[in-house]
Amino acid sequence: MSGVRAVRISIESACEKQVQEVGLDGTETYLQPLSMSQNLARLAQRIDFSQGSGSDDDDAPADGDAHDWAGTGAGPGAEQDEDEGLVKFQPSLWPWDSVRNNLRNSLTEMCVLYDVLSIVRDKKFMTLDPVSQDALPPKQTLQLISKKKSLAGAAQILLKGAERLTKSVTENQENKLQRDFNSELLRLRQHWKLRKVGDKILGDLSYRSAGSLFPHHGTFEVIKNTDVDLDKKIPEDYCPLDVQIPSDLEGSAYIKVSIQKQSPDIGDLGTVNLFKRPLLKSKPGSPHWQTKLEAAQNVLLCKEIFAQLSREAVQIKSQIPHIVVKNQILSQPFPNLQLSISLCHSSNDKKSQKSTTEKQSPEDHLYVLEHNLHLLIREFHKQTLSSIMMPHPASLPFGHKRMRLSGPQAFDKNEISSIQSTEGLLEKIIKQAKHIFLRSRAAATIDSLASRIEDPQIQAHWSNISDVYESSVKVLITSQGYEQICKSIQLQLNIGVEQIRVVHRDGRVVTLSHQEQELQDFLLSQMSQHQVHAVQQLAKVMGWQVLSFSNHVGLGPIESIGNASAITVASPSGDYAISVRNGPESGSKIMVQFPRNQCKDLPKSDVLQDSKWNHLRGPFKEVEWNKMEGRNFVYKMELLMSALSPCLL
Amino acid sequence: MEAPPVTMMPVTGGTINMMEYLLQGSVLDRSLESLIHRLRGLCDNMEPETFLDHEMVFLLKGQQASPFVLRARRSMDRGGVPWHLRYLGQPEMGDKNRHALVRNCVDIATSENLTDFLMEMGFRMDHEFVAKGHLFRKGIMKIMVYKIFRILVPGNTENTEPLSLSYLVELSVVAPAGQDMVSDDMRNFAEQLKPLVHLEKIDPKRLM
């Protein structure tokens, strides 16, 4: 391009006429091109008068260029088309109207500016003051507001999170509680029968499944223990599961059995109160459900025992009717003896606590019987269960097996009635009480005799193993120092319910009644017989001869207890004879017969002239037994015998 | 000697006229286990017992059209138990209010020479079978679940074959006449056994 002069190139649009539309046959209809004036008007309308004054200088030449361009492009026909453009583009007054309006507005503004400036220049009414830059303070508040807003947003998020956390924590805790309740319920189920009725969980305290026929429903309710505050510390013994026990089974109960010698005043009947030991101080808080339920079940069992006993006491006809007063059953097993069975139930309220402070009667519990009552009722339960036997063959109706056998085996009336009659609880316990009483009375009798009488000695060997209705004791009567040779009296006492059977060593059986006097008399007579037996044994050892022996002497004074027994023994040489008579009451009487030649005061007989008759024994002389030396009867006898048979020495 | 009076009237022996209330159903062998399990849960708390019985049905033909039927049953697995002679009356379906079949029944325990005695009286044996199964009890209700075995050689109870592939389930109560309340209890119990077994009052006349 260097060296070559710039060539002016005019550029026109290739298509002068704008295609308006193309017809279906391909003919094009063109738009009439704008005339010069039209083009100018169009361009003038594009002018933005509202633009800032600063940019005016830049725009003006551009506009000028545009004018030029339009002018070069449009050619000379601009003035001509002015009327057409008026019609075409400006529905208003004339094409320059807007330009004029804008110019006029500008003029007005200029005038106003001029006026303002001139007034300002006077500084009379108006001054120009620098405007303080107040943009920042509003911006700060805005910042503050926005900061506050964002902080609030953050806080809200945090709060939401916290809320969710606390929610989950409480839920967790609740779940834990729930889980504990469920595990407790599971434990409960392992020990107790539970069933669901409606929305409640009910349990069964009764012994019905074990065969009890007691009509008490014995239902307890399982409740969820919710009265604990989750926020506070949960107490150590807190259990989410609690049980609600029927009010009549609350507290503790036991059966008291006692035997009294004399009947108490009728006024005392039924008001016995019964709590000997002070009540255990209840621990703070409620006890565990297991202890609660066990206590309630015990109350139920005691009530059942007592109900059963009372029913039997009313039904059973005995010589002395049983008395049932309030919570006490009285019965007279033996004359002047009273068996009392009482139900003691304390419901832990103040009333019963007060009564415990009352003075209690001395210890007269028969713990064995109380225990046995529990055993008996269980046996009774078992009986009701086991009496339900499955029938064989299977078509038979339910019933007692022995009853079914009664027909084919032709039972008689006694056998059938023996099947039907069952001994009641009360009868059994009265029998046991009788036995216990009889046994203790026998023991007391033997002991008192043993301590009262030193010669001969009584030894009692009680057997360790005994039945509830029978126990036995072996009674040995011996003399001290002569146990080996004097073993004649060995008695076996079988103590039953109503009577005592005594079996001698030789098989003789004596039956004694429950009266203690009988046993005492019997033992006394046996002891007196023992002495005579001992003399007999001693004679054998000493070489003396037994001339006569009788357990029951028909002569002499009559003993009030039993009979006296007697023995006569002669010395080995035959010179002397000792005669012993021993009675339980009269005591012992010992006579010695001397040879005839030793009796000085014997009148000379006309018949017995010969000296050989001197060897005949003369009259008896009584020995002053009390003055004899020796610690007991047999020892004294031994000394006497030794003295009378000097040849042996 | 006169022939023993044969009567179709209800036998009113003893003091009380006893009736048997009966519901019957059956289960297939393979569902026996689940039924036994269910019964153990529902029935009284005792070990379920099994039984093995031999039953003989005797007929006495009198002047009447229908013969007089007696059932003699003995236990094959227990010694020392008496035989059982049973008279069962005509079953009554009753109306809707009674939920069980009711029939008169007389139960007598007898000695072992019962068959000879019956034969001497003129009875003849109609049929015999062996029943083997389980026995349950709930209160006064007796539940028998058993299978009936056919005796192949008459008199030989060792040689048997099962009659079907299912077990018979019977729920029965023996109660004095007129105590229709027991049938309500039976219905309730039968409801609890559904759907393992459907116990219904089945009219034997319709099956014939």
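Every value quoted in this text rests on a predicted model; they were computed, and no experiment measured them.

**Details of the overall build of chain A**
The number of helices and strands found in chain A is 13 helices and 20 strands. Within chain A, the fraction of its 649 residues that count as buried is 34%. For chain A, contacts bridging at least 24 residues in sequence account for 59% of all contacts bridging at least 6. Element-wise, carbon and sulfur atoms account for 54% of the exposed surface of chain A, whose accessible area totals about 42200 Å².

**Digging into the interface of chain B and chain A**
On the chain A side, the residues contacting the 27 residues of chain B number 14 residues. Summing both partners gives a buried area of about 1900 Å² for chain B against chain A, and 69% of it is carried by carbon and sulfur. If you sort the residues of chain B by the area they bury against chain A, Pro-82, Arg-137 and Lys-142 of chain B come out on top, with a joint share of 28%. Applying the counting rule to chain B against chain A returns 0 salt bridges. Linking chain B with chain A are 6 residue pairs in polar contact (both at pLDDT 80 or more), by the criterion used here. Among the elements that make up the side of chain B that touches chain A, the one with the highest residue count is strand 2 (residues 49–60) of chain B (4 residues). Residues belonging to the side of chain B that touches chain A are distributed by class as follows: 10 nonpolar, 7 polar and 10 charged.

**Topic: a nonpolar patch on the surface**
A surface patch of nonpolar side chains, about 470 Å² in accessible area, is lined by Val-112, Val-116, Ile-119, Phe-125 and Met-126 of chain A. Positionally, Val-112 of chain A belongs in helix 4 (residues 97–122).

**Notes on the pattern of salt bridges**
Residues and elements named next belong to chain B. A full pass over the atoms with the stated rule returns 19 salt bridges over all chains. A salt bridge links Glu-49 to Arg-78; the nearest nitrogen and oxygen atoms lie 3.5 Å apart. On the criterion of sequence distance, the pair formed by Glu-49 in strand 2 and Arg-78 in the loop between strand 3 (68–75) and strand 4 (83–88) is long-range, its members being 29 residues apart. In this structure Arg-78 comes out as partly exposed when scored by relative accessible area, which is 34%. Asp-53 is the salt-bridge partner of Arg-73, the closest N and O atoms lying 3.1 Å from each other. Within this pair, whereas Arg-73 is found in strand 3, its partner Asp-53 is found in strand 2, the two being separated by 20 residues in sequence.

**Thoughts on the side chain of Arg-73 of chain B**
Residues and elements named next belong to chain B. The class of Arg-73 is buried, set by a relative accessible area of 5%. Of note is the side chain of Arg-73, whose polar atom sits 3.1 Å from the side chain of Asp-53. Within the structure, Arg-73 has its side chain in polar contact with the side chain of Glu-55 (distance 2.6 Å).

**Topic: the environment of Lys-17 of chain A**
Residues and elements named next belong to chain A. Along the chain, the position of Lys-17 falls in the segment before strand 1 (18–22). Of the residues examined, Lys-17 reaches a relative accessible area of 40% and is grouped as partly exposed. Remark: the alpha-carbon pair of Lys-17 and Leu-31, spanning 14 residues in sequence, is separated by 5.9 Å. Among residues more than four places away in sequence, those in contact with Lys-17 are Tyr-30, Leu-31 and Pro-33.

**Quick look at the nonpolar core**
Considering soluble globular proteins, one finds that nonpolar side chains tend to be buried as a cluster. Of all hydrophobic cores here, the largest spans 71 residues; its most connected members are Leu-188, Phe-220 and Ile-341 of chain A. In this structure, this core is formed jointly by two domains, domain 2 (181–386) and domain 3 (454–603 + 610–649) of chain A, each of which donates at least three residues. Core analysis: the next-biggest nonpolar cluster, separate from the first, contains 28 residues, Tyr-21, Leu-39, Cys-43 and Val-182 of chain B among them.

**What to know about helix 8 (residues 367–386) of chain A**
All names here are of chain A. Compared with the 28 Å implied by 1.5 Å per residue over 20 residues, the 28 Å span of helix 8 between its first and last C-alpha is a close match. Taken as a whole, helix 8 has its buried residues at Leu-369, Glu-370, Asn-372, Leu-373, Leu-376, Ile-377 and His-381. Contacts made by the buried residues of helix 8 are with strand 7 (252–260), helix 6 (289–315), strand 10 (338–346) and helix 11 (425–452).

**Things to note about the pairing of strand 1 (residues 18–28) of chain B**
Two faces, one strand: in a regular strand the side chains alternate between the faces of the sheet. Residue and element names in this part refer to chain B. Most of strand 1 is tucked away: 8 of the 11 residues are buried. As paired elements, strand 1 and strand 9 (residues 166–176) share 11 bridges and run antiparallel to each other. Its bridge partner lying in strand 9, Val-27 is registered against Tyr-167. Both strand 1 and strand 5 (residues 101–110) contribute to a ladder of 4 bridges, which runs antiparallel. Among the inter-strand pairings, Leu-22 is bridged to a residue of strand 5, identified as Leu-101.

**A word on the sheet that holds strand 16 (residues 545–550) of chain A**
Residues and elements named next belong to chain A. On the basis of which strands lie adjacent, the open sheet formed by 5 strands has the order 16-17-18-19-20 and antiparallel pairing. The sheet terminates laterally at strand 16 and strand 20 (617–622), the two strands that pair on one side only. Direction aside, neighbouring strands of the sheet carry axes that sit 15 degrees apart on average. The pairing of strand 19 (residues 587–595) with strand 20 spans 4 bridges and is classified as antiparallel. Within strand 20, the residue paired with Met-591 across the bridge is Glu-622.

**Brief notes about the sheet that holds strand 5 (residues 219–224) of chain A**
Residues and elements named next belong to chain A. As summarised here, the arrangement of the 4 strands in space is 3-4-5-6, forming an open sheet in which the pairing is antiparallel. The outermost strands of the open sheet, each flanked by one partner alone, are strand 3 (193–197) and strand 6 (241–244). When the angles between neighbouring strand axes are averaged without regard to direction, this sheet yields 35 degrees. The strands that helix 6 touches are strand 5 and strand 6; relative to strand 6, the one it contacts most, it runs at about 15 degrees.

**Looking at the packing of aromatic side chains**
For the structure shown, the criterion picks out 7 aromatic pairs over all chains. Both rings, one in Phe-334 of chain A and one in Phe-437 of chain A, keep their centres 5.9 Å apart while their planes meet at 40 degrees; by these two values the pair is tilted. Here Phe-334 of chain A, found in the loop between strand 9 (328–331) and strand 10, pairs with Phe-437 of chain A, found in helix 11; they are 103 residues apart in sequence, far enough to count as distant. On the basis of relative accessible area, Phe-437 of chain A is assigned to the buried category, the value being 8%. Ring geometry for Trp-625 of chain A against Phe-633 of chain A: centres 5.3 Å apart, planes inclined by 55 degrees, an arrangement best described as tilted. For Trp-625 of chain A, a relative accessible area of 9% corresponds to the buried category. Judged by relative accessible area, which is 4%, Phe-633 of chain A ranks as buried. Pairwise contacts between aromatic rings join Phe-68, Tyr-87 and Phe-123 of chain B into one cluster. For Arg-631 of chain A, the ring lying beneath its charged end belongs to Tyr-635 of chain A, and the centroid distance is 5.1 Å. The ring centre of Phe-398 of chain A lies 5.8 Å from the NZ or CZ of Lys-142 of chain B, which sits over that ring.

Cut-offs applied
Residues numbered from 1 in each chain as written. Chains lettered and ligands numbered in written order. Predicted model: local features only at pLDDT ≥ 70, side-chain atom pairs only at ≥ 80, totals over all residues. Heavy atoms only, no water. Helix = DSSP H or I, 4+ residues; strand = E, 2+ residues; numbered from the N terminus. Buried < 20%, exposed > 50% of the residue type's maximum accessible area, 1.4 Å probe, protein only. Contact = heavy atoms within 4.5 Å. Areas by Shrake-Rupley, 256 points an atom, 1.4 Å probe, with all protein chains shown as cover. Buried area = accessible area lost by both parts, 1.4 Å probe. Salt bridge = Lys/Arg side-chain N within 4 Å of Asp/Glu carboxyl O. Polar contact = N/O pair within 3.5 Å; in protein donor to acceptor, adjacent residues only side chain to side chain. Nonpolar A, V, L, I, M, F, W, Y, C, P; charged D, E, K, R; others polar. Patch = residues over 30% accessible without salt bridge, like charges linked within 9 Å, V, L, I, M, F, W, Y side chains within 5 Å. Core = buried A, V, L, I, M, F, W, Y, C linked by side-chain atoms within 4.5 Å. Domains from an automatic or database assignment. Expected span 1.5 Å × (residues − 1). Pairing = 2+ DSSP bridges. Axes fitted to C-alpha atoms, helices over the stretch in contact; angles between N-to-C directions. Phe/Tyr/Trp six-rings, centres within 6.5 Å; stacked < 30°, edge-to-face > 60°. Lys NZ or Arg CZ within 6 Å of the ring centre and 35° of its normal.

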